[in-house]
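Analysis of the macromolecular model
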Amino acid sequence: MNLFFDPHTVALIGASGKPMRPGHHLFQNLRISFGERFFPVNTRTDEIEGVRCYRSVLDIASDVDLAVIFIPARDVPRALEECARKGIRRVIIESAGFAEAGPAGKELEGKCLAIARRAGMRLWGPNCMGAINVPKGKVMSFMNPLLWQGRFVPGTVSLVVQSGMLSAGFLAHMLTRTPFGLAKVCSIGNKVDVDEVDLLEFFLDDPDTGVIAIYTESLPKGRRFFDLARFSPKPIVMLKGGRSALGARAARSHTAALAQDDRVLNAALRQAGVIRVYAMSELLDVARSLALSPLSRRAKARVAVLTFSGGGGVVSSDDIADLDMELASLEPRTLNILRNVFPDWMEPANPVDLYPAFEKHGHTETFRTTIEAVLEDQTVDAVYAHLFIPPVEIPLFDYDHMAEMVRKHRKPLVVWLLGDATRMPAVSRSLESRGIPVTDEMARGVRILAALAMGK
C-alpha cells in the first residue's frame, strides 16, 4: 500500500490542458507534488504548459512507481496492458463508467482486474478520487488545487471515503473552515481490488495515522474487517451508506455496492469497538475530536454540563439521555466548591447553571474554579461546556487552564460555542489548537462527547 501513498515517480494517463477539467486538475496536482518526477501521458499533444507529454507510458525512460488513469472507461484495459509491459505495479483508475454503469461496465471491470492479476499489479478504484498523503504533500487526485494549496494541516486522521466527489466536496468544506489535521485521504470507488481491509491493515501500522474514519457503502470482506477492528489500538469511526432500502438502491447505482443487513452490521460494529455515526458531518466531527481529546470508553458515561443557560442545560440533558449517557451526581466536595461561587439563594446542581455566578464573580475566575472542580470529581467521566462568545474581544475564559485540566485528569471535554458568529472561527481554532473539540450545534456536541466518553 505504501507505494500508493508515497511513490517516487508518477505517470498520468489522460493528462489534460483544458482549464477547470478534472484531467487538468490531476495534471496540476501531480506536477506540484512530484515536479520532474511526474510524467504526463496524452496521445494528442507533445506538451502541456511547457511540460513534455508522452504518447504512452512505454515511451517514458524512467521507472514509474504509480500510474494514475483518467481516460474513457473503454480505453482503460489497453492502458493497463501498457502499464503491465512497463512494469508498473500500482495503478489508480479515477475514470468512471464501470460496474456502477451496469453489466457492460461490470464486464469491463473484470477485464481490468484480470490484466492486473496476470501482471502482479494492484488496482485502486475505479470511479474514485484517488489518494492524498498530507504529511508528504502528495496529491494523486482530481481535486481543484485552489481548494487545497496552503490549507492542508498535517495531523493524525486518515479518511477513507468510497465516494469520489463526496470526499472531495467534504475535504474542501473542511479545509475552508476549522483546520483539520489529516494524515491520509482516500477515495476507493468501486473497490475492484484495493478496499477498506487493505487500507485498514495499512493504517494500523502507519505511524502518521492515529484515527481511522471510513465512509463505505458495502463491506464485502466483513469478517476480516471486524477481526482487524477488534484488536485495533487506534479508534475507528464508520459511516455506513445504504442502510435503508432506498439508500441501498442508490448505492447500487453509485458504486455497485451490495446491501447488508443493517441490524447484523450494527451488532458486529459494536462488538468490534467501531464507533458508528449516521452523517458525514458527524463522521468528520468525531474523527477530528478523537484526534484531539482523550478516549475514555465507559459503559455508561456520567457527564457534567456547564452552561450559561438553564434551558441549554435542559436540552443537553435530553440529548445526553438519548445517547445512553447520564448526568453525574457530583460529589459533596464539588457541590461545596460550587456553593462558594454561587449566589446564596442558589443551590448548585448538575447541569451547572453558571450565569448567576458569572454576575457575582465574573466569567474567568468562576469558570476556572468550576471546570477544575468537575474534572477532579470522581463521579464525572466527561464534561460538556457551553460558552457564549460576545461581539467584542474580551478574554472571558482561560483556555490554557482548561487544556491543562484536561491533560491532568484525562477526561473528555467538549465545548459548544454560541454567540457572535464572526468571532467563532478564531475561538474554535484557539480551543482546538489546545486539544479541546468544539462544535457550533448543541446536539452534535453531545454526539461527539458520546464517542469520546463511551467509544460509540
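What comes next is a walk through the structure. Since we're looking at a predicted model, the values are computed, not measured.

Examining the environment of His386
- Looking at the element boundaries, His386 is found in strand E18 (residues 382-389).
- With relative accessibility at 3%, the residue His386 sits in the buried group.
- The sequence separation of His386 and Leu354 amounts to 32 residues, and the corresponding C-alpha distance is 9.8 Å.
- For His386, the contacting residues outside a window of four places in its chain are Val305, Leu306, Thr307, Phe308, Gly312, Gly313, Ser316 and Trp416.

Looking at unusual backbone geometry
- The step from Gly125 to Pro126 runs through a cis peptide bond, and the omega angle for that step is -5°.
- Cis peptide bonds are those with omega within 30 degrees of zero, and the linkage from Asn350 to Pro351 qualifies with 10°.
- By the secondary structure assignment, Pro351 is in the loop between helix H13 (332-341) and strand E17 (352-353).
- Although it is not a glycine, Asp324 sits at a positive phi angle of roughly 65°.
- Looking at the secondary structure, you find Asp324 in the loop between helix H12 (310-322) and strand E16 (326-327).

A short note on the packing of helix H11 (residues 280-292) against helix H18 (residues 442-454)
- Running from amino to carboxyl end, H11 crosses H18 at an angle of 50°, the nearest separation of the two axes being 9 Å. In terms of their interaxial angle, H11 and H18 are classed as oblique. Every pair of crossing elements has a handedness; the one defined by H11 and H18 is right-handed. When H11 is examined against H18, the residues Ser281, Glu282, Asp285, Val286, Ser289 and Leu290 are found in contact with a partner set consisting of Arg444, Arg447, Ile448, Ala451 and Leu452.
- Along the lines of polarity and charge, the residues of the contact of H11 with H18 split into 5 nonpolar, 2 polar and 4 charged.

A short note on the environment of Met238
- Residue position: Met238 is located in strand E13 (residues 236-240).
- For Met238, a relative accessible area of 0% gives the class buried.
- A C-alpha to C-alpha distance of 7.7 Å links Met238 and Thr216, two positions 22 residues apart in sequence.
- Other than its neighbours up to four places away in sequence, Met238 contacts Ile214, Thr216, Leu219, Phe225, Leu269, Val274, Ile275, Arg276, Val277 and Leu283.

Details of the sheet that holds strand E8 (residues 130-133)
- An order of E9-E8-E11-E10-E12-E13-E14 is seen for the 7 strands of this open sheet, with the pairing classed as mixed. Strand pairing shows two members of the sheet lacking a second neighbour, strand E9 (138-141) and strand E14 (275-277), which therefore form its edges. Going across the sheet, the axis of each strand differs from the next one's by a mean of 20°, ignoring polarity.
- Sheet topology places strand E12 (residues 211-216) next to E13; 5 bridges connect them, and they run parallel. The residue of E13 that forms the bridge with Ile214 is Met238.
- Running at roughly 175° to E12, helix H7 (residues 196-205) makes contact with strand E10 (153-161), strand E11 (181-187), E12 and E13 of the sheet.

Digging into the sheet that holds strand E2 (residues 38-41)
- Pairing within the open sheet is parallel, and its 5 strands lie in the order E2-E1-E5-E6-E7. Since the sheet does not close on itself, it has two edges, and those belong to E2 and strand E7 (122-124), each with one partner. The average undirected angle you get between the axes of adjacent strands in this sheet is 20°.

Description of the side chain of Thr370
- Residue placement: Thr370 occurs in helix H15 (residues 363-376).
- Judged by relative accessible area, Thr370 falls into the buried class, the value being 0%.
- Separated by 2.7 Å, the side chain of Thr370 and the backbone oxygen of Thr366 make a polar contact.
- The contact partners of Thr370, leaving out residues within four places of it in the chain, are Leu306, Leu338, Val341, Val352 and Leu354.

Reading the values: rules and limits
Residues numbered from 1 in each chain as written. Predicted model: local features only at pLDDT ≥ 70, side-chain atom pairs only at ≥ 80, totals over all residues. Heavy atoms only, no water. Helix = DSSP H or I, 4+ residues; strand = E, 2+ residues; numbered from the N terminus. Buried < 20%, exposed > 50% of the residue type's maximum accessible area, 1.4 Å probe, protein only. Contact = heavy atoms within 4.5 Å. Axes fitted to C-alpha atoms, helices over the stretch in contact; angles between N-to-C directions. Parallel < 35°, antiparallel > 145°, perpendicular 65-115°, else oblique. Left-handed = near helix turned anticlockwise from the far one by under 90°. Nonpolar A, V, L, I, M, F, W, Y, C, P; charged D, E, K, R; others polar. Pairing = 2+ DSSP bridges. Polar contact = N/O pair within 3.5 Å; in protein donor to acceptor, adjacent residues only side chain to side chain.

Functional significance is not addressed by these values, which are geometric in nature.
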